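Report on the structure
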Amino acid sequence: EQGSDLERAESLARSALAQAPRLRAHALDTLGWVLFRRGDLPGAAAALEEAIAGFAPWEARQRADAVAHLAAVRQAQGLPAEAIPPDAAAPAGEGR
């Protein structure tokens, strides 16, 4: 991944957040991964945590991807897997 590609990806994800509220969780997952790749670990973690909380119950696969992304961020931060909220993989409304 090249810097300009990551800049464009970040721009597109932020644009999607503003223009497509129903896709907010997906855009936040993308933004979180882009921020991770750019080295903004706190920003990545915040975006991914919000993404995980925002996925609908029928979006379990997408939620699992976001949880995996957050695990990569936490690992890069030197934090254990326990640093991921215990209910992160639970569908909205379950375990919250």
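Residues numbered from 1 in each chain as written. Predicted model: local features only at pLDDT ≥ 70, side-chain atom pairs only at ≥ 80, totals over all residues. Heavy atoms only, no water.

1. Quick notes on the side chain of Glu 10
- Inspection of the secondary structure puts Glu 10 in helix α1 (residues 3-19).
- By relative accessible area, Glu 10 is classed as buried at 14%.
- The residues contacting Glu 10, other than those within four sequence positions of it, are Leu 31, Val 34, Leu 35 and Arg 38. (Helix = DSSP H or I, 4+ residues; strand = E, 2+ residues; numbered from the N terminus. Buried < 20%, exposed > 50% of the residue type's maximum accessible area, 1.4 Å probe, protein only. Contact = heavy atoms within 4.5 Å.)

2. Description of the packing of helix α2 (residues 24-38) against helix α3 (residues 41-54)
- Put simply, α2 and α3 touch, their axes get as near as 8 Å, and they point 160° apart. In terms of axis orientation, α2 runs roughly antiparallel to α3. Handedness of the α2/α3 crossing: left-handed. Here α2 contributes Arg 24, Ala 25, Leu 28, Asp 29, Gly 32, Trp 33, Leu 35 and Phe 36 to the contact with α3, which in turn contributes Leu 41, Gly 43, Ala 44, Ala 47, Leu 48, Glu 50, Ala 51 and Gly 54.
- A breakdown of the residues in the contact of α2 with α3 according to their chemical character gives 10 nonpolar, 3 polar and 3 charged. (Axes fitted to C-alpha atoms, helices over the stretch in contact; angles between N-to-C directions. Parallel < 35°, antiparallel > 145°, perpendicular 65-115°, else oblique. Left-handed = near helix turned anticlockwise from the far one by under 90°. Nonpolar A, V, L, I, M, F, W, Y, C, P; charged D, E, K, R; others polar.)

3. Quick notes on α2
- Its 15 residues give α2 an end-to-end C-alpha distance of 21 Å, which sits within 8% of 21 Å, the value for a rise of 1.5 Å per residue.
- Here α2 has its buried residues at Ala 25, Ala 27, Leu 28, Asp 29, Leu 31, Gly 32, Val 34, Leu 35 and Phe 36.
- Positioned one or two residues after α2, Gly 39 has a phi angle of 95°, which is positive. (Expected span 1.5 Å × (residues − 1).)

4. What about the environment of Ser 11?
- Looking at the secondary structure, you find Ser 11 in helix α1.
- Residues Ser 11 and Val 34, spaced 23 residues apart in sequence, show a C-alpha to C-alpha distance of 9.9 Å.

5. A word on the pattern of salt bridges
- Tallied over the entire structure, the rule returns 5 salt bridges.
- Glu 50 is the partner of Arg 24 in a salt bridge, and the nearest nitrogen-oxygen pair spans 2.9 Å. Here Glu 50 lies in helix α3 and Arg 24 lies in helix α2, a separation of 26 residues in the sequence.
- On the accessibility criterion, Arg 24 (37% relative accessible area) is partly exposed.
- For Glu 50, a relative accessible area of 38% translates into the label partly exposed.
- Across the pair Arg 61 and Asp 65 runs a salt bridge, and its minimum N-O distance is 2.9 Å. Here Asp 65 and Arg 61 lie together in helix α4 (residues 60-76), a separation of 4 residues that amounts to about one turn.
- For Asp 65, a relative accessible area of 29% translates into the label partly exposed.
- A single salt-bridge network, built from bridges that share partners, covers Glu 10, Arg 14 and Arg 38. (Salt bridge = Lys/Arg side-chain N within 4 Å of Asp/Glu carboxyl O.)

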